[in-house]
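Fold and geometry: a report
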Amino acid sequence: MSESELSSSPIFDRVDPVIPVYLFHLIKTVLLERQHDLGRLTQGSGISISDLEKEDTLVSFDQSLTLIANALSLSGDDALGLEIGRRESLGDWGMMGYAMASCSNGRDMFRIAKSYYKTTTNLTDSDMQISRNRLITRSEPYHSVPLPLYRFLVEEHLACHHKLIVDFHEANHFPLEVHFSYAAPHYAQVYKEVFRCPVVFNAQYNQIIHSEQVLDIVNPDSNPLTKQLAVKLCDQLLQQQEQHRSLINKVERILISQPSNFPSPAEVALQLNTSERNLRRQLKDQGSSYQQILDRVRADIAINYLKDTQLPLEDIAHLLGFSESSSFYRAFRKWTNNAPSSYREKL
């Protein structure tokens, strides 16, 4: 795991102000308890401490990194991500947290989490899946980050996931295993104290693995009316975030919505109410192009097919719009430095 390793295709650019600040309010609370100078928390971020108290404040990925780097420096605690994660509650997940708290059972909560994770302070891609009677949640930062920040993001995400499952079960329920893609840090013992299960470092993925049975919980405090309202507000927040997304992400989302028949540049431009020439110029100004975005989308979809299905490679090539399987093989190797068959074997 290198310090500059890239994640899969992000849902937003580094500078898009689309991230709610719920997590940073908790970070502020922890630093305050430790009697640190809160004025330094927001230094260089372009936002103020008072902004962290406003529910409608949205920040960018890079602003989030500045806040986290400041928090790590202030606290002098390299394991701060684990501490923050195990302090989180559903209230720290905003409207999605209220929706989950109102669900009737664990599987309903799982569906809400998959649908509305992006309304939280989402800095990592949360890939949740059920496989072979196991609930697997994988974590990968959306953009490249230095290793200390990478560890913080993954630690906070997986520790919080574990904490919420324990809270719902109101009992000592522990994961089967937790994996991290980086080497064991000097505070590795804290991982064992937090997760209380086998911890694997230098793994292929960052992931926490539970028995699927954790989803069988019934929520005696479920409230369908509260859930309906919270879901409505989550939808509104998603729409608000969409207004702040960059052109690159808007093109990406259009392509993703039509994976069996990718629209042409002219068709994408039409959906964005602009001309093809203007679209190409604007993408070039942002350091991208239609082809680069299409390649990234195709790569992500191909990886999902390899991971989640047993489709023959020839069928995957056809679904991605390749007229010949050999063209797909060459493209996939270019995207991942692996042949499709080799990539599938590693999953």
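Structure: above.
Here's a quick rundown of the structure. (Residues numbered from 1 in each chain as written. Predicted model: local features only at pLDDT ≥ 70, side-chain atom pairs only at ≥ 80, totals over all residues. Heavy atoms only, no water.)

Glancing now at the packing of helix α2 (residues 61-75) against helix α6 (residues 147-169). Viewed as axis vectors pointing N to C, α2 and α6 meet at an angle of 95 degrees, and their least axial separation amounts to 10 Å. Considering the angle they form, α2 stands roughly perpendicular to α6. In this structure, α2 uses F61, L65, I68, A69 and L72 to contact α6, whose residues at the interface are P148, L149, F152 and L153. Here the residues of the contact of α2 with α6 are counted per class, giving 9 nonpolar, no polar and no charged. (Axes fitted to C-alpha atoms, helices over the stretch in contact; angles between N-to-C directions. Helix = DSSP H or I, 4+ residues; strand = E, 2+ residues; numbered from the N terminus. Parallel < 35°, antiparallel > 145°, perpendicular 65-115°, else oblique. Contact = heavy atoms within 4.5 Å. Nonpolar A, V, L, I, M, F, W, Y, C, P; charged D, E, K, R; others polar.)

As a further point, take empty space enclosed by the protein. Per the stated rule, a full pass over the model turns up 2 cavities of 30 Å³ or more. Estimated volume of the largest cavity: approximately 300 Å³. Surrounding the largest cavity, 20 residues form its lining, M100, M109, A113, H161 and I165 being those nearest its centre. Only α5 (106-116), β3 (124-131), β4 (134-141) and α6 provide two or more residues apiece to the lining of the largest cavity. The element best represented in the lining of the largest cavity is α6, accounting for 6 residues. A per-class count over the lining of the largest cavity returns 14 nonpolar, 6 polar and no charged. Its volume calculated, the second largest cavity comes out at about 140 Å³. Around the second largest cavity, the lining is made up of 13 residues, and of these E88, W93, Y117, T121 and E156 lie nearest the centre. No other element matches the 4 residues that α6 contributes to the lining of the second largest cavity. The residue makeup of the lining of the second largest cavity, split by class, is 6 nonpolar, 4 polar and 3 charged. (1 Å grid on protein atoms, 1.4 Å probe; cavity = no way out; pocket = protein on both sides within 12 Å on 5 of 7 lines; lining within 4 Å. Points joined across faces, edges and corners; volume = space filled by probe spheres on them.)

Structurally, the position occupied by L176 is in the loop between α6 and β5 (177-179). In this structure L176 comes out as partly exposed when scored by relative accessible area, which is 42%. The spacing of L176 and P198 is 22 residues in sequence and 7.2 Å in space, taken between C-alpha atoms. With sequence-adjacent residues up to four places away left out, L176 is seen in contact with R134, C197, P198, I209, H210 and S211. (Buried < 20%, exposed > 50% of the residue type's maximum accessible area, 1.4 Å probe, protein only.)

The next point concerns the pairing of β3. As judged from the 8 bridges shared by β3 and β4, these two strands associate in the antiparallel manner. For D127, the partnering residue across the bridge sits in β4 and is R138. The turn joining β3 and β4, which pair antiparallel and follow one another in sequence, is formed by 2 residues; a positive phi near 55 degrees is taken by R132. (Pairing = 2+ DSSP bridges.)

Attention shifts here to the sheet that holds strand β7 (residues 207-211). Spatially, β3-β4-β7-β5-β6 is the arrangement adopted by the 5 strands of the open sheet, whose pairing is mixed. Each edge of the sheet is formed by a strand with only one pairing partner; in this case those strands are β3 and β6 (199-200). In this fold α5 packs onto β3 and β4, with an angle of close to 145 degrees to the strand it touches most, β3.

Glancing now at the nonpolar core. One finds F24, I27, F61, L82, F180, Y191 and F195 to be the most contacted residues of the largest nonpolar core, which totals 72 residues. Elements supplying a minimum of two residues to this core: α1 (22-33), α2, α3 (80-87), α4 (94-101), α5, α6, α7 (188-195) and α8 (224-243). The element best represented in this core is α6, accounting for 11 residues. The contacts of L82, once residues within four sequence positions are left out, are E155, A159, Y187, V190, Y191, V194 and F195. Counting 27 residues, the second-largest nonpolar core is a separate cluster that includes I248, V268, V297 and L306. (Core = buried A, V, L, I, M, F, W, Y, C linked by side-chain atoms within 4.5 Å.)

Once that is clear, we can look at α6. Its 23 residues give α6 an end-to-end C-alpha distance of 33 Å, which sits within 8% of 33 Å, the value for a rise of 1.5 Å per residue. Here α6 lies mainly inside the structure; 17 of its 23 residues are buried. (Expected span 1.5 Å × (residues − 1).)

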